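Residue-level structure breakdown
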Amino acid sequence: MVSFIPGKQRVRTASIKVNLYLFIFLIVSSELSRFFSLPGYSLSVIWPTAGIFLAAVLVFGARVLPVLIIAMLVWSQVFQQATWVISILFSLGLALGSWVGAKAMQTASVDPTPTQQLIRLYLGGILLTSGISSLFGSIGILFDGSLDGFAFYDIWLVYWAFEAFGVMLFTPIAVLLLLDRRDLLKRIGRDLARKELKIWLFISVLMAGMSVVWSLQDQSLYATATAYTFFPLLCWLVLRATRATVFALLPIFAIAFVIFALKGWADVQIINNIEDLIKVLLQLASILLLAHLVATVSLERNLLLDSFQRQAVRDHLTGLQNDRGLNTFLSRWISNKDRLNYRLVQLEVLDFDDLRLKIGFDAACDIERRISFELSQLATMQLSRLSAGSYVWLMPEDTEDSDHQLNQLYDQFNRPLKEISEKNNPFQVAIASIPFDEKLNSPVKCLTALSQAVDVARKMPKRIWKESQAVSLIEQREELIKQFDALKLVISQNRLQLYAQPIQPLDPSHTSKGMMFEILIRIEDELGEIRPPAEYLNVAKVFGYMSVVDYWVIEEVLRFLSEKPERLSNLARCSINLSGETLVASGLIEHIEDCFQRYSVDRQKICFEITETEVIEDERQATDVINALRLMGCKVALDDFGTGLASYEYLYRYQFDYLKIDGRFVRNVLTHPVDQVTVKSIAQVAQAMGLETVAEFVESEDMLALLDEFGVTYAQGYAISHPKPLKALFI
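The residue numbering used here restarts from 1 in each chain and proceeds along that chain's sequence as written. Only residues with pLDDT of at least 70 get local features here, since the model is predicted, and only at 80 or more are side-chain atom pairs given and counted; chain-wide, interface and lining totals rely on the full set of residues. To obtain the side-chain values, all non-hydrogen atoms of the structure were included, while hydrogens and water were left out.

**Some thoughts on the overall build of the protein**
- Counting from the N terminus, the helices are DSSP H or I runs at least four residues long and the strands are E runs at least two residues long. Scanning the protein for helices and strands turns up 29 helices and 16 strands.
- For 731 residues, the compact-globule estimate of 2.2 N^0.38 gives 27 Å, and the protein exceeds it by more than 25% at 43 Å.
- Considering the protein as a whole, with its 731 residues, one finds that 49% of them fall into the buried category.
- By definition in these notes, contact holds between two residues if any of their heavy atoms fall within 4.5 Å. Long-range pairs, those at least 24 residues apart, make up 71% of the contacts in the protein with a sequence separation of at least 6.
- Of the accessible surface of the protein, which amounts to about 35,800 Å², a share of 58% is contributed by carbon and sulfur atoms.
- Put simply, the protein has 68 plus and 80 minus side-chain charges, and the middle of one group is 7 Å from the middle of the other. As a reference, a globule follows 2.2 Å times the number of residues to the power 0.38, and the radius of gyration itself is taken over C-alpha atoms. For every residue, the accessible area obtained with a 1.4 Å probe (protein chains only) is divided by the maximum for its type, and the residue is called buried under 20%, exposed over 50%, and partly exposed between those limits. Surface exposure here means Shrake-Rupley accessible area, sampled with a 1.4 Å probe, where a residue is shielded only by the protein chains that are shown. We count Lys and Arg on the positive side and Asp and Glu on the negative side, and we leave His and both chain ends out. Lys charges are placed at NZ, Arg charges at CZ, Asp charges at CG and Glu charges at CD.

Pasting the structure below:
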């Protein structure tokens with residue numbers, strides 16, 4: 001924001017060079033003002049001296065007053081041949097008024113708003129500065145006797161009006177010039193280079209020229225009509241130009257108006273005496289007041305809109321750019337040719353939602369603020385908080401320096417737990433970076449590739465990954481999206497097929513009353529061929545679609561079994577798998593209960609298989625689901641038993657009916673002594689706890705005999721039967 005009232009703490013020291021410039025400028029501007037006064041009178045409509053005096057004191061403080069006073073004494077004595085009484089009172093009045101007005105206008109620390117600046121200018125500058133300086137000048141005129149016949153208060157009020165007009169017109173632009181002349185000229189030049197202001201400038205010059213031409217040709221009607229266009233043009237200027245440009249052009253507008261009045265152009269009332277001069281002054285002051293008000297209201301509105309726009313792209317917690325700001329930046333950055341020299345980096349706090357639940361919201365916010373502070377100390381570009389616990393920025397593609405910086409970050413945020421105090425909550429991070437290349441042509445693709453790289457980093461021993469080709473990540477993602485679309489099409493077209501693989505008891509004494517099997521699914525492609533679901537299920541896990549598949553399987557199986565009574569009478573146990581996503585779905589139990597209500601199936605004949613991996617991920621949720629399933633009468637099996645480090649501990653923690661021994665131990669059980677010991681120990685522990693066991697991947701008669709010897713209850717595999725359509729089991 002352009003401010004013409006510097007705070008007290010910003011007062012500068014005027015150098016000898018600056019003092020010399022001020023000295024010369026005051027004399028020259030004061031003498032030039034004589035061109036805008038009536039012959040025989042010392043009063044000028046355009047009087048910049050009062051505004052320059054106040055501006056100099058605002059910028060450089062009272063220490064500049066001696067130079068200003070000497071300049072006024074020199075001008076009044078040398079150029080105006082004024083008496084010493086008038087010169088001294090005139091100069092001291094300007095100095096005292098400017099000092100008092102500057103004190104009233106300046107603030108202690110915070111920059112005032114545009115409205116506050118305008119109020120301070122009118123109260124401190126026009127009321128105090130002009131009032132005091134005009135009082136001293138009027139006393140000098142009274143002593144001099146140059147305006148005999150006028151009452152003192154008339155002299156004072158007229159003098160006050162001219163001083164106030166000078167302050168109103170020249171103080172703002174003089175302050176900006178003294179603060180930074182070069183920067184001001186650059187800003188005004190950039191503003192005037194805009195197309196709309198070029199058009200404004202052209203129309204203004206054209207209207208002024210036409211008005212003069214009409215006046216010289218005694219076409220007063222056309223001249224007046226043309227002159228009136230200056231008022232909408234002035235409104236256009238103050239609404240569309242920057243504040244600096246408005247402050248610079250208003251004096252030019254005032255000078256042009258006074259010249260028109262002195263010459264009688266455009267049917268403007270010609271100045272013949274002091275009364276006419278005052279009328280022109282009042283007209284100009286009214287126009288300038290309106291321009292100041294409109295410009296201030298417009299600026300306040302623009303600042304408010306800018307504030308809303310900044311808030312829209314600013315993260316409220318850390319003060320960094322948010323995801324919206326990052327997307328806007330990337331949209332512009334992608335078209336930058338220098339982007340190939342930079343990498344996009346993401347730091348992500350692992351399992352941040354769980355961490356926040358564990359340590360509390362306030363502590364999690366402290367962690368985020370600490371991370372954002374540490375990252376802001378680095379040489380980064382466009383540092384943004386993408387989401388909770390996730391930060392993105394750009395860094396130069398300097399292999400050695402960037403690698404060193406990322407490794408330092410990783411070591412800083414992944415300290416050993418023993419080094420972390422109670423007040424310094426432990427957390428772990430993953431860091432990934434990708435290069436910009438031709439295929440990253442949108443923010444979505446950039447962030448998608450970066451997300452893929454973070455997933456790779458999560459799986460690394462040291463969770464930091466530098467991708468060399470982002471194109472491969474994009475291609476992988478696009479392929480996954482294609483497969484996901486294909487999966488949704490398969491489900492919508494009802495091309496998921498229910499298959500089943502029989503389960504057989506190993507000991508003849510364990511004969512069951514009916515068939516036992518595990519439900520599997522297959523995919524029917526567009527050509528009608530049956531394909532294994534591995535690639536589709538992997539995509540479903542990536543996109544969080546497994547619960548849709550599992551819910552479909554549960555309902556379709558129960559519907560199929562309930563359609564014919566003989567299917568249920570020939571059934572001993574039907575096992576249905578629950579994926580990890582389905583296990584934590586809030587509506588799982590309700591969905592199963594609803595299916596049982598709609599399809600009359602004996603609940604004791606349904607067994608839900610939960611993999612050990614899913615139990616490890618969320619123990620509380622696993623406990624709730626297992627208890628709910630057993631409470632409604634279903635059986636529960638622990639699938640892939642033996643893969644986790646805490647396998648046996650889970651047998652004490654959860655209530656299972658069956659253990660399914662992971663196939664990796666069964667596949668080589670005939671030749672691998674360690675696998676033999678593992679399978680045998682699992683069977684023995686299960687027997688001791690009253691659980692039955694199922695061995696997967698059984699592929700030969702010899703394996704069946706050995707597993708029976710170990711005490712395994714059931715077997716499942718090619719030695720018994722290949723998977724087949726569910727309907728085929730009941731033919």
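**Some remarks on the environment of Val175**
- Within the secondary structure layout, Val175 lies in helix α6 (residues 152-179).
- With 120 residues separating them along the chain, Val175 and Ala55 place their C-alpha atoms 4.9 Å apart.

**Thoughts on a positive patch on the surface**
- Patches draw on residues past 30% relative accessible area with no salt bridge. Two like charges within 9 Å are joined, as are two nonpolar side chains (Val, Leu, Ile, Met, Phe, Trp, Tyr) within 5 Å. Criterion for a salt bridge: a side-chain nitrogen of Lys or Arg within 4 Å of a carboxyl oxygen of Asp or Glu. Together, Lys17, Arg181, Arg182, Lys186 and Arg190 make up a region of like positive charge exposed at the surface.
- Top contributing element to the positive patch by residue count: helix α7 (residues 181-192), with four residues.
- Its place among the elements puts Arg181 in helix α7.

**Remarks on a nonpolar patch on the surface**
- Taken together, the side chains of Leu20, Ile24, Val28, Leu32 and Phe35 make up a nonpolar region of the molecular surface, amounting to roughly 500 Å² of accessible area.
- Structurally, Ile24 is set in helix α1 (residues 16-32).

**Remarks on the state of the cysteines**
- Disulfides are defined as cysteine sulfur pairs within 2.5 Å. If you walk through the whole model with that rule in mind, you get zero disulfides.
- Here Cys595 is not cross-linked by a disulfide; its sulfur's nearest cysteine counterpart is in Cys634, at 11 Å.

**Some words on the packing of α6 against helix α12 (residues 274-312)**
- Interaxial distance between α6 and α12 falls to 11 Å at its minimum, and their mutual angle equals 35°. Of the two possible hands of crossing, α6 and α12 adopt the one that is left-handed. Judged by residue contacts, Val158, Ala161, Phe162, Phe165, Met168 and Leu169 of α6 engage Leu277, Ile278, Leu281, Leu284, Ala285, Leu288, Leu289 and His292 from α12. As a rule, the C-alpha atoms of each element are fitted with a line to give its axis, helices using only the stretch in contact, and angles between N-to-C directions run from 0 to 180 degrees. For any pair of crossing helices, the crossing counts as left-handed if the nearer helix is rotated counterclockwise from the farther one by less than a right angle, and right-handed if it is rotated clockwise.

**As for the nonpolar core**
- Counting 76 residues, the largest nonpolar core has Val45, Ile46, Phe53, Leu68, Phe165, Leu169 and Leu284 as the members making the most contacts within it.
- Here this core takes 12 residues from α6, the largest share from any one element.
- We call a set of buried Ala, Val, Leu, Ile, Met, Phe, Trp, Tyr and Cys residues a nonpolar core when their side-chain atoms join them within 4.5 Å. If you look at the next biggest cluster of nonpolar residues, it comprises 73 residues, including Leu561, Ile592, Met632 and Val669.

**Section: the packing of aromatic side chains**
- Side-chain rings of Phe, Tyr and Trp (the six-membered ring for Trp) are treated as a pair once their centres are within 6.5 Å; stacked means planes under 30 degrees apart, edge-to-face means over 60, and tilted covers the remaining angles. For the structure on display, the rule yields 12 aromatic pairs.
- Taken together, Trp47, Trp75 and Phe90 form an aromatic cluster joined through their ring pairs.
- Remark: a charge is flagged as sitting over a ring if the NZ atom of Lys or the CZ atom of Arg is within 6 Å of the ring centre and within 35 degrees of the ring normal. A cation over an aromatic ring shows up here: Arg667 above the ring of Phe697, its NZ or CZ 4.7 Å from the ring centre.

**So, the pairing of strand β14 (residues 692-695)**
- At least two DSSP bridges between two strands are required for those strands to pair. By the bridge criterion, four bridges tie strand β13 (residues 658-661) to β14 in an arrangement that is parallel. When the bridges of β14 are listed, Lys660 appears paired with Val694.
- Where β14 lies against strand β15 (residues 714-715), two bridges are found, and the strand directions are parallel. Within β15, the residue paired with Val694 across the bridge is Tyr714.

**Description of the side chain of Ser579**
- Within the fold, Ser579 resides in the loop between β10 (571-578) and α22 (580-583).
- According to the relative accessible area criterion, Ser579 is buried, its value standing at 13%.
- Between N or O atoms, a polar contact is any pair within 3.5 Å; within protein, one atom must be a potential hydrogen donor and the other a potential acceptor, and residues adjacent in sequence are included only when both atoms are from side chains. A distance of 2.9 Å separates polar atoms of two side chains, one belonging to Ser579 and the other to Thr582.

**Points about the environment of Met516**
- Within the fold, Met516 resides in strand β8 (residues 515-524).
- Separated by 78 residues in the primary sequence, Met516 and Asp594 place their C-alpha atoms 24 Å from one another.
- The residues touching Met516, leaving out its near neighbours within four places in the chain, are Gln501, Pro502, Ile503, Pro505, Ala572, Arg573 and Tyr714.

**Overview of unusual backbone geometry**
- Phi is positive for Gln81, which is not a glycine, with a value near 50°.
- Note on placement: Gln81 falls in the loop between α3 (65-79) and α4 (84-105).
- Phi at Asp351 is positive, roughly 50°, even though this residue is not glycine.
- Relative to the assigned elements, Asp351 resides in the loop between β1 (342-349) and α14 (352-359).

**Re the pattern of salt bridges**
- Counting across every chain of the model gives 21 salt bridges.
- Across the salt bridge formed by Asp315 and Arg385, the nearest N and O atoms sit 2.7 Å from each other. Remark: Arg385 occurs in strand β2 (residues 381-387) and Asp315 occurs in the loop between α12 and α13 (323-333); sequence separation between them is 70 residues.
- Owing to a relative accessible area of 7%, Asp315 belongs among the buried residues under this scheme.
- Since its relative accessible area comes to 11%, Arg385 is described here as buried.
- The partner of Glu348 in a salt bridge is Arg458, with the nearest N and O atoms 2.5 Å apart. Here Arg458 lies in helix α17 (residues 443-458) and Glu348 lies in strand β1, a separation of 110 residues in the sequence.
- Connected through salt bridges with shared partners, the residues Asp191, Arg194, Glu196 and Arg240 form a single ionic network.

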